[in-house]
Amino acid sequence: MKRPARHLWLLLPALLVLAVAFLWPVGWLLSRAFTQPRPGLQNFVLLWQHPIYLRVVWNTILISAIATPITVLLGFPVAHAMTHGGPRTRRWLIFLVLVPFWTSLLVRSFATIILLQRHGPVNGTLRALGLIGQPLPLLHNLTGLLAGAVQVLLPFVIFPLYAAMLRIEPSLMQAAMTLGARPVRAFLRVYLPLTLPGLMTGATLVFISTLGYFVTPALLGGPRQLMVAQLIQDEIAQFGNWGVAGALSLVLLAATGALLWLLHRTVGLGAIAR
Amino acid sequence: MIRDAGAATTRRALLRGSAAAALGAAAGGLPRAFAAGSLSGKTVVFASWGGAYQEAQRASYCEPFAAATGARVVQDGPMNPAKFRAMIESGSPDWDVCDVTIDFLYNGIGDRLFEKIDTSIVDTKRIDPRFVNEYGIGCIVWSYNLGYSTATYPAGKEPKTWADLFDTRKFPGKRALNDEPVAALEIALLADGVAPAQLYPLDVDRALKKLDTIKSDTIFWTTNSQSQQLFVDGEVSLGVILNGRVYDAAKKGAPIALSWEQSIQSVDYLVVPRGSRNRAAAMQLIDTMTQPENQAKLANMIAYAPTNPAAFASIDPKVAPWLSTNPANVQRGFVIDAAYWRDHLKANTERWAAWKLG
């Protein structure tokens, strides 16, 4: 359906805020990549000559690529229960998924530390049940980082999935089964493809959010979970290297763009816009 | 570099304990050569790191200075290296006296950010010569120490040296290490048998090889509160931690103690930004800081160690054992080589990141 364009001016305030609060400062930082300390490409040459920088960018992409499917797999059943459960279940689930949104990231990270530490409740319960002898190393490694990241990111995948599932005609599954498909086949061939727009939106949001993580890896991760935001922070706060920080940001931006383009070509990002 | 915002929470308790001593200190010791009220009408801007630390500095340096000279001291801050540089570039700094870390002092000398200390106004002889610089006077000292859980290692079986930190057979358990090359590389080399006098320039390869031996047993901390929490929660049994944090945790009842062996000292300096409009008055404020009663007052308030050894005469005997410059502790450690770190921080930080990932 084509909408009349005459209400487009209503976008102006939002665009203005975006321009002043986002485009201008980000553009300023990114332009530093080419101008500081001297005009030219020396910052990119430096990133290339010191392999640590690109290794950390790669590490960041890898961690995001691990966090994304885990978040989707955990979020899918929740969205499904929200869609197909009774109104009471739905209300409770929406409430429970929203609560983390109202809590500061720092508070949630410290709560995760308390839960997962050596003498914390998770290890305590497992030991009391006799399942483990020694406390499991759940913190200051990839497990800790993922635990912290996934719980924060779940709402980003649950809500788009929920929206997509609401739009699925319930009779479609019945039709598939009437036509002889077993439930698993009906789910895989009919239901799942229809959730794809929501699923891809959620996965993209999770992936991009994880790329910029800073607090969570610093508090919950270990030495191998060094992520690019930490390097950018070091370059600015410790060394005053706005140029290198800008170049690193640009590389991350370019890598993200390239990945999204790849995703668009293979899975069809157009599904999101539907 | 790490900067300890310190045993901030202990301030109120200590304030009460030292109120009487403080009253005595404020009254005594007029700075030499200044007539009372000689600076009345003048305003001096003092910038530091905010919080309990600056509050203690206000009470211990600025108030006695104002009382003696009649000058008004305005508190500002927080100190920020980028802001400091921008002020100097503008040609007329807003600040007259500023508290800076040792690494900024050495960086700033190269970039001509500070006025030379006027030794005709500041009596530098009061200060331990190791904490006197041509461009800044040390006001407090803190240190990287070996901390350990007294629950895991009872008296007689406690770790004492950095070599013990790397001895996972004799001292099993998780370790804490600051997540930056500063001090961590020195500690690895000391543990590997390098004498403090032979440390610099650091043999980074050797240090990282030594660190490899405890890497899988180590939890890295990025903030001082995190280091304290790791010990309090029993996540680690021993490790690198700042002395002020052990003091704070122990005061709150945590089973924690520290060793002073080979402790690595760091210093905060008072400097005068180049181009200060109140240079002479600023120097007088720094001179007030060097006086033993004023340094003792600050140590009693916030447990940062004095640079004037005579201050210990007025320091609470409950606080004194925790201070890096206590005569019993100071000779067992050494001051970090800030000139080395000025030239190698960037390269070593890159190598540190690569080592962590490797």
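Remember, predicted model here, so these are calculated numbers, not experimental data.

Procedures and definitions
- Residues numbered from 1 in each chain as written.
- Chains lettered and ligands numbered in written order.
- Predicted model: local features only at pLDDT ≥ 70, side-chain atom pairs only at ≥ 80, totals over all residues.
- Heavy atoms only, no water.
- Salt bridge = Lys/Arg side-chain N within 4 Å of Asp/Glu carboxyl O.
- Helix = DSSP H or I, 4+ residues; strand = E, 2+ residues; numbered from the N terminus.
- Buried < 20%, exposed > 50% of the residue type's maximum accessible area, 1.4 Å probe, protein only.
- Domains from an automatic or database assignment.
- Buried area = accessible area lost by both parts, 1.4 Å probe.
- Nonpolar A, V, L, I, M, F, W, Y, C, P; charged D, E, K, R; others polar.
- Axes fitted to C-alpha atoms, helices over the stretch in contact; angles between N-to-C directions.
- Parallel < 35°, antiparallel > 145°, perpendicular 65-115°, else oblique.
- Left-handed = near helix turned anticlockwise from the far one by under 90°.
- Contact = heavy atoms within 4.5 Å.

All names here are of chain B. Per the stated rule, a full pass over the model turns up 18 salt bridges over all chains. Arg126 is the salt-bridge partner of Asp287, the closest N and O atoms lying 3.1 Å from each other. Residue Asp287 is found in helix α10 (residues 279-290), and its partner Arg126 is found in the loop between α4 (102-110) and β4 (137-149); the two are separated by 161 residues along the sequence. Accessibility expressed as a relative area gives 0% for Asp287, which makes it buried. The residue Asp343 makes a salt bridge to Arg342 at a minimum N-O spacing of 3.1 Å. Of the residues examined, Arg342 reaches a relative accessible area of 35% and is grouped as partly exposed. Among the ionic contacts, a cluster of salt bridges with common partners joins Asp123, Lys125, Arg126 and Asp287.

What follows is about the domain arrangement of chain B. Residue and element names in this part refer to chain B. Each assigned domain of chain B is listed here: domain 1 (8-141 + 267-330) and domain 2 (143-264 + 334-350). Taking the mean C-alpha position of each, domain 1 and domain 2 sit 29 Å from one another. Counting each side, the surface lost to burial between domain 1 and domain 2 is near 1500 Å², with a carbon and sulfur contribution of 65%. Linking domain 1 with domain 2 are zero salt bridges. Of all the secondary-structure elements, those providing two or more residues to the side of domain 1 that touches domain 2 are α1 (11-27) and α4. Here the side of domain 1 that touches domain 2 gets three residues from one element, more than from any other, and that element is α4. Within the side of domain 1 that touches domain 2, the residues separate by chemical class into 11 nonpolar, five polar and no charged.

All names here are of chain B. As a packed pair, helix α8 (residues 224-232) and helix α9 (residues 243-251) sit with axes 10 Å apart at the nearest point and diverge in direction by 45°. Relative to α9, the element α8 lies oblique. Note that α8 runs across α9; the crossing there is right-handed. Mapping the contact onto sequence places Asn224, Ser225, Ser227, Gln228 and Val232 in α8 and Arg245, Asp248 and Ala249 in α9.

To continue, consider the packing of helix α11 (residues 228-238) of chain A against helix α12 (residues 242-266) of chain A. All names here are of chain A. Look at α11 against α12: their axes get within 8 Å of each other, and the N-to-C directions meet at 160°. Compared by their axis directions, α11 and α12 come out roughly antiparallel. Crossing of α11 against α12: the hand is left-handed. Residues Val228, Leu231, Ile232, Glu235 and Ile236 of α11 touch α12, and the partners they reach there are Trp242, Val244, Ala245, Leu248, Ser249 and Leu252. A per-class count over the contact of α11 with α12 returns nine nonpolar, one polar and one charged.

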